[in-house]
Amino acid sequence: MSHVAYVNGRYTPHREAVVSIDDRATQFADAAYEVTCVWSGRPVDHAGHMTRLARSLSELSIAMPMSPAALTVICRELVSRNRVNRGIIYIQVSRGIAPRAHAFPARVKPSVIVTARGGAGPSDAVAEMGVKVTTAEDIRWKRRDIKATGLLPNVLARQAASAAKAYESLLVTPDGVVTEASASNAWMVAADGSLITHPTGNDILAGITRATILKLAREAGIPVTERAFTLKEALAAREMFLSGTTTFVMPVVQIGETTIANGAPGSVARDLRERYAAYVAQQTSTDAAWNV
Ligand code: PDD
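To start, this report covers the structure provided alongside it. Not measured: the values here are computed from a predicted model.

Now for the packing of aromatic side chains. Going through the model one piece at a time under the given rule, you end up with six aromatic pairs. Seen in terms of ring centroids, Trp-187 and Phe-241 are 5.3 Å apart; in terms of plane orientation they differ by 10°. Their pairing is stacked. In this pair, Trp-187 sits in strand S10 (residues 185-189) while Phe-241 sits in strand S14 (residues 239-244), placing the two residues 54 residues apart along the sequence. Neither residue differs from the other here; Trp-187 and Phe-241 are each classed as buried. Aromatic pair Phe-248 and Tyr-276: ring centres 5.0 Å apart, planes at 75°, arrangement edge-to-face. Placement of Phe-248 in strand S15 (residues 248-255) and of Tyr-276 in helix H8 (residues 267-283) is noted, with a sequence separation of 28 residues between them.

Looking now at empty space enclosed by the protein. The final tally for this structure, using the stated rule, is two cavities of 30 Å³ or more. Taken as a whole, the largest cavity spans an internal volume of roughly 50 Å³. In this structure, the largest cavity is lined by Arg-238, Glu-239, Met-240, Val-252, Val-253, Ile-260, Ala-261, Ala-264, Pro-265, Gly-266 and Ala-269. Looking at the lining of the largest cavity, the elements with two or more residues in it are S14 and S15.

We now examine a nonpolar patch on the surface. Together, Leu-152, Val-155 and Leu-156 make up a nonpolar patch on the protein surface, roughly 310 Å² of accessible area in all. With respect to the secondary-structure elements, Leu-152 resides in helix H5 (residues 152-163).

Cut-offs and rules
Residues numbered from 1 in each chain as written. Predicted model: local features only at pLDDT ≥ 70, side-chain atom pairs only at ≥ 80, totals over all residues. Heavy atoms only, no water. Phe/Tyr/Trp six-rings, centres within 6.5 Å; stacked < 30°, edge-to-face > 60°. Helix = DSSP H or I, 4+ residues; strand = E, 2+ residues; numbered from the N terminus. Buried < 20%, exposed > 50% of the residue type's maximum accessible area, 1.4 Å probe, protein only. 1 Å grid on protein atoms, 1.4 Å probe; cavity = no way out; pocket = protein on both sides within 12 Å on 5 of 7 lines; lining within 4 Å. Points joined across faces, edges and corners; volume = space filled by probe spheres on them. Patch = residues over 30% accessible without salt bridge, like charges linked within 9 Å, V, L, I, M, F, W, Y side chains within 5 Å. Areas by Shrake-Rupley, 256 points an atom, 1.4 Å probe, with all protein chains shown as cover. Salt bridge = Lys/Arg side-chain N within 4 Å of Asp/Glu carboxyl O.

Here's what the structure looks like:
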């Protein structure tokens, strides 16, 4: 079966899907994107991803190219045509196509790319063991709340993790704060059992998975504090874990050469991973998952 993509109003074989060399995404990374997990052929927290896309675009003064409902029709069509059971939907909206010049072009129509593909999601086997992460300096711009496609610092950090055979890379500011990771949010459990994660704002991406986990943790009566924490605190944490669309909840058992606690996934991370899996299974059990 050949894969189908959506580009600017047309469904086209993935291999033939192309954008203009004058698309501002290619020259300026002048674009925002979303990645949504597909489970049982339905999206996870779809409405949240749509809302964040609209917000990212609004912060960049890019017009939302169509209504969330119309974009949902495309997502649904691609999940169906590509027979995605477990995988991801990728949506990218750029400012559009115009001769290269930094300032916004006068008349321009946003470009839209949507793809859906099956593929390795979060592995339970990996989560059972927990993962190693590395650290990298957080050299990104100051608007990390916008899910923009300019991801070079994230790419470099993740490549450094890959080279060290690590799952992810924690991003650390010059004053030692762990903001998040290259493509996931970071969490720690302190000695008193409270859950800590960086507050939203301009310094991190407000993860959709992060928001759901906060809700699940509060429902479970786990004390939660949204505050910045340092790498020093993380190294001495009772538990550490990551969250994200393609990560779910992933226990971290090693940071660089330092083993976290006893080197096994902690009970809070394990519990939240199970709660999140149940939440995903429940939400994707009906077509209401597509509601926006
Ligand atoms: N990344 N922080 C960063 C920098 C991210 O890129 C991501 C997601 C997250 C987690 O957000 P969410 O829970 O909404 O997926 C946090 C996606 C998966 C990506 O770029 O592929």
